[in-house]
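Residues per chain, in single letters:
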Amino acid sequence: MVVKAPLVAKKAQAGQFIILRIDEQGERIPLTIADYNGKKGTVTIIFMEVGKTTKQLGTLNVGDKILNFVGPLGVPSEIEKYGTVVCIGGGVGIAPLYPVIRALKQAGNNVISILGARNEKLLMLEKEIEEYSDEFHICTDDGSKGTKGFVSNVLQNLIDDGKKIDVVWAIGPVIMMKVVADLTRKYDIKTIVSLNPIMVDGTGMCGGCRVSVGNETKFACVDGPEFDGHLVDFDNLMLRNRRFICEEDEACKCAGVEI
Amino acid sequence: MAVKKEKYPMPEQDPKKRIKNFDEVPYGYDEQTAIEEAKRCLQCKNKPCINGCPVEIDIPDFIKHIAEGDFDKAIDVLKSKTSLPAVCGRVCPYENQCEGECTLLKIGDPVGIGRLERFLADYERKKGVKIPKIAKSTGKKVAVVGAGPAGLTCAGDLAKMGHKVTIYEALHEPGGVLMYGIPEFRLPKEIVKAEVDYISKLGVDINYDVVVGKTISVDDLIKDVDAIFIGTGAGLPRWLRIPGENLDGVYSANEFLTRVNMMKAYLFPDYDTPVKIGKVVATFGAGNVAMDCARTALRLGAEKSYIIYRRSDKEMPARAEEIHHANEEGVIFKLLTNPTRFIGDDKGILKEVECIKMELGEPDDSGRRRPVPVKGSEFKIKIDTALVAIGQSPNPLIPQSVKDLKIGKWGNIETDEDGRTNIPYIFAGGDIATGAATVILAMGAGKKAARAIDEYLKLKK
Ligand SMILES: Cc1cc2nc3c(=O)[nH]c(=O)nc-3n(C[C@H](O)[C@H](O)[C@H](O)COP(=O)(O)OP(=O)(O)OC[C@H]3O[C@@H](n4cnc5c(N)ncnc54)[C@H](O)[C@@H]3O)c2cc1C
Ligand SMILES: Cc1cc2nc3c(=O)[nH]c(=O)nc-3n(C[C@H](O)[C@H](O)[C@H](O)COP(=O)(O)OP(=O)(O)OC[C@H]3O[C@@H](n4cnc5c(N)ncnc54)[C@H](O)[C@@H]3O)c2cc1C
Ligand code: SF4
Ligand code: SF4
Ligand code: FES
């Protein structure tokens, strides 16, 4: 979805996100900036319809308005010339990974991309990402496209092939990021992950987005969302993300939305 | 005629009923009661009460007009010093301020200065607020960052002086803590909206959803304006720093209150933002924020709501009225008690808090007796939700994003008495400069800064 938001577009950088609220009764939800165009004043967001707000977002038509749209929030990705970078995107994490891949490539890195999803339908941006990648892999859990298996299997193969990898960038479901971080820890490869805790304000005021990184409490909205994957307490993140599961169901039922 | 020793009572909602709704607790004085209460004032020549008011309202003067039934004149006196009387009349800790200095304390209750202030503001709002004369446009522009009491007051005063003011606010609503922190039953949001409306009518523009330091930098702002006022408050929650604080069920007071107040979680599922508290809620701390949490929890259906505080009742920093109301509503106070760890189940969901009993030792830096743990007195309380309300630090976003801005020990922006920072065109005030304080102090800081900015703009031809 392309949103006209000139102020946000002007400042946006890879790795940052926005928070939106569709209407007066709406919840504030964070979404990564998947693409931006400062000249046109537009920001692209890509979202998976998982609950009330994202479903509702999916029903908007060209020309509709979103009541509140604030950003860019969070610390931009640290884009440098690292050498060889493996970028791993899982499911809806592929979208936020795209601007990172582009920026890494433009910074002169050798970019190896691995995209994974449960099935073919959940993949996205393949062409765009391939264009900025020196090496490109696809895998699906059910084998409907690319190799059958998980992104971590593909990464393991690369490592086994003796590829020298300087940095790994992993964005996707928490469990995927955890598996990737556990794997790269063994080989001591620096790994950056982008965390997606539940947020409210996005300005460091509520602490709802706190995550435990290297035994320190950090606020993902202002200190992140990207962190060193080897220091993140993923189990705590998974648990905190389940905080409102029952209520989210109820919100959908009341609104007549099916998930 | 002898003066009546007691304040005229404030009609209030019955505690049993009110813990089931979010409506305002006190109803306010009617005209007759206000006049009677005003007549209790002795019109002291030395006006000790004024010394207690951070913005030096001429208290005996406005009270005299009330006693004479001339409410409009009384409002003019009030408005010459405060721009948010409906708010201050409700949330000022007046027992430590104006009323704390009142001569009548020698024989009984002080004059109900706060209640009278509230009465006047409500009277005026019902009647329709008069828009004051605005000075001729000076052609100067000022940006105000943050729409809390400090920013709103500064903006309003600058607008009256003829400057063009634009406010930039990070959230989707104005008011700062007045909107996201202080609950509806203590400060109805309609009132905050009316006060903001008044500021808008003075010609101030408010831009929402702009996080200064992210969406726009201070350096960008100054390209278009002549001066900047920063009133971004003390929004950074402090933690207990004990094990288990990241369990599911532990909230900062800010998150809890923001969900309930600003996002209207108490109207879930009509509003989309959820909050869940279970049956037993424990709030840590005993300031206004803590009382707001504990009382909100009751209204959301908690069967038990504890206040857990490491000092004794004498040290509780909350306003007397809040403690009184919390008591009436059935909040359970566990004083001289300090949490040591949160305990969860195997799914990481909060189940219990372990506490230790405290006793008061020697006075510490703050002059209050330091609480020390009693060895071996640990005990556990079963709880479903923990609300951490032990204070806030200045919001670090701006201090970190402006190069060379002088920052104090606690991450606050350093200013002089009048809000000047070390950078000539940047001014600051309210909680961002002082650390978490009060609405009236933030307002006073906004006023002083407005005068300093005006001076600066005049010199800066
Ligand atoms: C920094 C960041 C970037 C994100 N980027 C994207 C993105 O690019 N595309 C995308 O599809 N999703 C992204 N997400 C996740 C997205 O915010 C949630 O999917 C969305 O909030 C779900 O809202 P809902 O009402 O549709 O679903 P709900 O039914 O409310 O919840 C479904 C799931 O979303 C999580 N969630 C609910 N509310 C919030 C909230 N306020 N903040 C964070 N998570 C919440 C819940 O834990 C739950 O797992 C991002 C999250 C973060 C923190
Ligand atoms: C729950 C609670 C109860 C309280 N009860 C009382 C009471 O009874 N009596 C009393 O006198 N005081 C009380 N206080 C304290 C009082 O509310 C504060 O001292 C006062 O609001 C401070 O005003 P401020 O304008 O400095 O900041 P705030 O009210 O905090 O407003 C700051 C504003 O700036 C915005 N902002 C922050 N960063 C940025 C940015 N980078 N860009 C743009 N905007 C930004 C914020 O979103 C916010 O709207 C209470 C506080 C709380 C939290
Ligand atoms: S503003 Fe506060 S301190 Fe001043 S007179 Fe009013 S209630 Fe008292
Ligand atoms: S000190 Fe009390 S009695 Fe005296 S003027 Fe002030 S309000 Fe009136
Ligand atoms: S979302 Fe509130 S502090 Fe990060």
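All residue numbers refer to position in the chain's written sequence, counted from 1. Chain labels run from A onward and ligand labels from 1 onward, assigned in the order the entries are written. It should be noted that, the model being predicted, local features are given only for residues of pLDDT at least 70 and side-chain atom pairs only at 80 or more, the latter also being counted only at that level, while totals for whole chains, interfaces and linings use all residues. To get the side-chain values, take all heavy atoms of the structure and skip hydrogens and water.

## Concerning the environment of A:Thr147
Residues and elements named next belong to chain A. Put simply, DSSP marks the helices as runs of H or I at least four residues long and the strands as runs of E at least two long, and each gets a number from the N terminus on. With respect to the element layout, Thr-147 can be found in strand 10 (residues 147–148). When accessible area is computed with a 1.4 Å probe and restricted to protein chains, residues below 20% of their type maximum are described as buried, those above 50% as exposed, and intermediate ones as partly exposed. Taking relative accessible area as the criterion, Thr-147 reaches 47% and is therefore assigned partly exposed. As a C-alpha pair, Thr-147 and His-137 span 10 residues in sequence and 8.3 Å in three-dimensional space. By the convention used here, residues are in contact when the closest approach between their heavy atoms is within 4.5 Å. Every residue in contact with Thr-147, bar those within four places of it in the chain, is listed here: Ile-138, Cys-139, Thr-140 and Val-154.

## Brief notes about the interface of chain B and chain A
Chain B puts 41 residues into the contact, and the matching count from chain A is 45 residues. Of the roughly 3,700 Å² buried where chain B meets chain A, counting both sides, 54% is carbon and sulfur surface. It is B:Lys214, B:Asn246 and B:Asp272 that lose the most area in chain B upon contact with chain A, and together they represent 20% of the buried surface on that side. One speaks of a salt bridge when a side-chain nitrogen belonging to Lys or Arg is within 4 Å of a carboxyl oxygen belonging to Asp or Glu. Inspection of the chain B/chain A interface yields two salt bridges. Salt-bridge contacts for B:Asp220 lead to A:Lys11; the nearest nitrogen and oxygen are separated by 2.3 Å. The term polar contact refers here to a pair of N or O atoms within 3.5 Å; inside protein, the definition further demands a hydrogen-donor-capable atom paired with an acceptor-capable atom, and it admits residues adjacent in sequence only when both atoms are side-chain atoms. The interface formed by chain B and chain A includes 15 residue pairs in polar contact (both at pLDDT 80 or more). Defined here as a combined quantity, buried area equals the accessible surface (1.4 Å probe) lost by two parts on assembly, summed across both.

## Observations concerning the site of ligand 3
Any residue with a heavy atom positioned within 4 Å of a molecule or strand is treated as near that molecule or strand. Around ligand 3, the structure places B:Cys53, B:Pro54, B:Ile57, B:Ile59, B:Cys92, B:Tyr94, B:Gln97, B:Cys98, B:Ile113, B:Glu117 and B:Ile440. Think of it as three bins: nonpolar holds Ala, Val, Leu, Ile, Met, Phe, Trp, Tyr, Cys and Pro, charged holds Asp, Glu, Lys and Arg, and polar takes everything else, Gly as well. The class makeup of the residues in the shell around ligand 3 is nine nonpolar, one polar and one charged.

## Some words on the domain arrangement of chain B
Residues and elements named next belong to chain B. Each domain's extent is set by a domain assignment, obtained either automatically or from a database. The assigned domain composition of chain B is domain 1 (15–127), domain 2 (141–235 + 393–459) and domain 3 (239–390). A straight line from the C-alpha centre of domain 1 to that of domain 2 covers 26 Å. Both sides of the domain 1 and domain 2 interface together cover about 1,900 Å² of buried area, and 75% of this is carbon and sulfur. It is Ser-83, Leu-84 and Val-91 in domain 1 that bury the most area against domain 2; as a group they hold 29% of the surface buried on that side. Applying the counting criterion to the domain 1 and domain 2 interface returns zero salt bridges. Here domain 1 and domain 2 share four residue pairs in polar contact (both at pLDDT 80 or more) between them. It is helix 6 (residues 85–91) that contributes the most residues to the side of domain 1 that touches domain 2, six residues altogether. Partitioning the side of domain 1 that touches domain 2 into residue classes produces 12 nonpolar, four polar and six charged.

## A short note on the site of ligand 1
All names here are of chain A. Near ligand 1 you find 23 residues, and of these Pro-30, Thr-32, Met-48, Thr-54 and Asn-241 are the closest. A distance of 2.9 Å separates an oxygen atom of ligand 1 from a polar side-chain atom of Thr-53. Here the open area of atoms and residues is found with the Shrake-Rupley method and a 1.4 Å probe, where only the protein chains shown may cover a residue. Out of a free accessible area of 860 Å², ligand 1 has 88% covered by protein chains. For the shell around ligand 1, the elements supplying multiple residues, two or more each, are strand 3 (29–32) and helix 2 (52–58). If you tally residues by element for the shell around ligand 1, the top one is strand 3, at four residues. Across the shell around ligand 1, the residue classes break down as 13 nonpolar, six polar and four charged.

## Here we look at the pairing of strand 2 (residues 164–168) of chain B
Residues and elements named next belong to chain B. Strand 2 sits mainly inside the fold: four of its five residues count as buried. At least two DSSP bridges between two strands are required for those strands to pair. Summarising the sheet, strand 1 (residues 141–145) and strand 2 pair through five bridges and their orientation is parallel. Bridge pairing in strand 2 links Val-144 to Ile-167. Look down the strands so they point away from you; if the path from the first strand over the helix to the second goes clockwise, the crossover is right-handed. For the handedness criterion, the β-α-β arrangement of strand 1, helix 8 (residues 149–160) and strand 2 is classed as right-handed.

## Regarding helix 5 (residues 151–160) of chain A
All names here are of chain A. Looking at helix 5, one finds that the buried residues are Val-151, Ser-152, Val-154, Leu-155, Leu-158 and Ile-159. Projected onto a plane normal to the axis of helix 5, the buried residues spread over an arc of 155° and lie on a single side. Among the structural elements, strand 7 (84–90), strand 8 (110–117), strand 9 (135–140), strand 10, strand 11 (167–171) and helix 6 (174–187) are those in contact with the buried residues of helix 5. Count one or two residues on from helix 5 and you reach Gly-162, which has phi positive near 80°. In this description, one arc is meant: the one made by directions from the helix axis to the C-beta atoms.

## So, the sheet that holds strand 14 (residues 385–388) of chain B
Residue and element names in this part refer to chain B. The strand order 6-14-7-8-9 describes an open sheet built from five strands, whose pairing is parallel. In the strand order of this sheet, the two ends are held by strand 6 (250–252) and strand 9 (332–334), each with one partner. The average undirected angle you get between the axes of adjacent strands in this sheet is 25°. Examined bridge by bridge, strand 8 (residues 304–308) and strand 9 share three bridges and lie parallel to one another. Orientation is described by axes fitted as lines to C-alpha atoms, over the contacting stretch for helices, and by angles from 0 to 180 degrees between their N-to-C directions.

## Some words on the packing of helix 6 of chain A against helix 8 (residues 234–241) of chain A
Residue and element names in this part refer to chain A. Direction vectors running N to C along helix 6 and helix 8 enclose 180°, while the axes themselves pass 10 Å from each other. With respect to helix 8, the axis of helix 6 lies roughly antiparallel. Residues Val-174, Ile-175, Met-177, Lys-178 and Ala-181 of helix 6 pack against Phe-234, Asp-235, Leu-237, Met-238 and Asn-241 of helix 8. Residue composition of the contact of helix 6 with helix 8, by class: seven nonpolar, one polar and two charged. Roughly parallel means an angle under 35 degrees; roughly antiparallel means over 145; roughly perpendicular covers 65 to 115; every other angle is labelled oblique.

## Some remarks on the pattern of salt bridges
All names here are of chain B. Considering all chains together, one arrives at 46 salt bridges over all chains under this definition. Across the salt bridge formed by Arg-18 and Glu-329, the nearest N and O atoms sit 2.5 Å from each other. Here Arg-18 is found in helix 1 (residues 15–18), whereas its partner Glu-329 is found in helix 14 (residues 320–329), with 311 residues between them in sequence. Glu-329 carries the same exposure label as Arg-18, and that label is buried. Here Glu-255 ties to Arg-259 by a salt bridge, and the two come within 2.9 Å at their closest N and O atoms. Here Glu-255 and its partner Arg-259 are both found in helix 12 (residues 253–262), four residues apart, which amounts to about one turn of the helix. Across the pair, Arg-259 and Glu-255 agree in class, each one buried. The network of salt bridges with common partners includes Arg-18, Arg-186, Asp-292, Arg-295, Arg-299, Arg-319, Glu-321, Glu-322, Glu-328 and Glu-329.

## A look at the packing of aromatic side chains
Residue and element names in this part refer to chain A. Only the six-membered ring of Trp is used, alongside the rings of Phe and Tyr, when aromatic pairs are assigned; centres must lie within 6.5 Å, and planes under 30 degrees apart are stacked while those over 60 apart are edge-to-face, with the rest tilted. With the rule as written, the count across this model stands at 11 aromatic pairs over all chains. When the ring of Tyr-98 is compared with that of Tyr-132, the centres are 6.4 Å apart and the planes differ by 55°; the resulting orientation is tilted. Residue Tyr-98 is located in helix 3 (residues 94–106), and its partner Tyr-132 is located in the loop between helix 4 (126–131) and strand 9; the two are separated by 34 residues in the primary sequence. Each member of the pair, Tyr-98 together with Tyr-132, is buried.

## Digging into the nonpolar core
To define a nonpolar core, start from buried Ala, Val, Leu, Ile, Met, Phe, Trp, Tyr and Cys residues and group those joined through side-chain atoms within 4.5 Å. Counting residues in each nonpolar core, the largest one holds 72 residues, and the members touching the most others are B:Ile59, B:Phe62, B:Ile63, B:Ile66, B:Leu116, B:Leu120 and B:Ile453. Considering each element in turn, this core owes the most residues, nine residues, to helix 17 (residues 439–459) of chain B. Discounting chain neighbours no more than four positions away, the residues touching B:Ile59 are B:Cys49, B:Ile50, B:Cys53, B:Cys98 and B:Ile113. One finds A:Ile159, A:Leu195, A:Leu237 and B:Leu350 within the second-largest nonpolar core, a separate group that totals 58 residues.

## What to know about the side chain of B:Asn261
Residues and elements named next belong to chain B. Along the polypeptide, Asn-261 turns up in helix 12. In terms of polar contacts, Asn-261 uses its side chain to reach the backbone carbonyl oxygen of Gly-181, at 2.8 Å. Other than its neighbours up to four places away in sequence, Asn-261 contacts Met-179, Tyr-180, Gly-181, Ile-182, Pro-183 and Glu-184.

## Considering the domain arrangement of chain A
All names here are of chain A. Considered domain by domain, chain A is made up of domain 1 (2–73) and domain 2 (84–241). For domain 1 and domain 2, the distance between their C-alpha centroids amounts to 21 Å. Opposite the 15 residues of domain 1 that make contact, domain 2 presents 17 residues. Across the interface of domain 1 and domain 2, roughly 1,300 Å² is buried in total on both sides, 68% from carbon and sulfur atoms. Joining domain 1 to domain 2, the criterion identifies one salt bridge.

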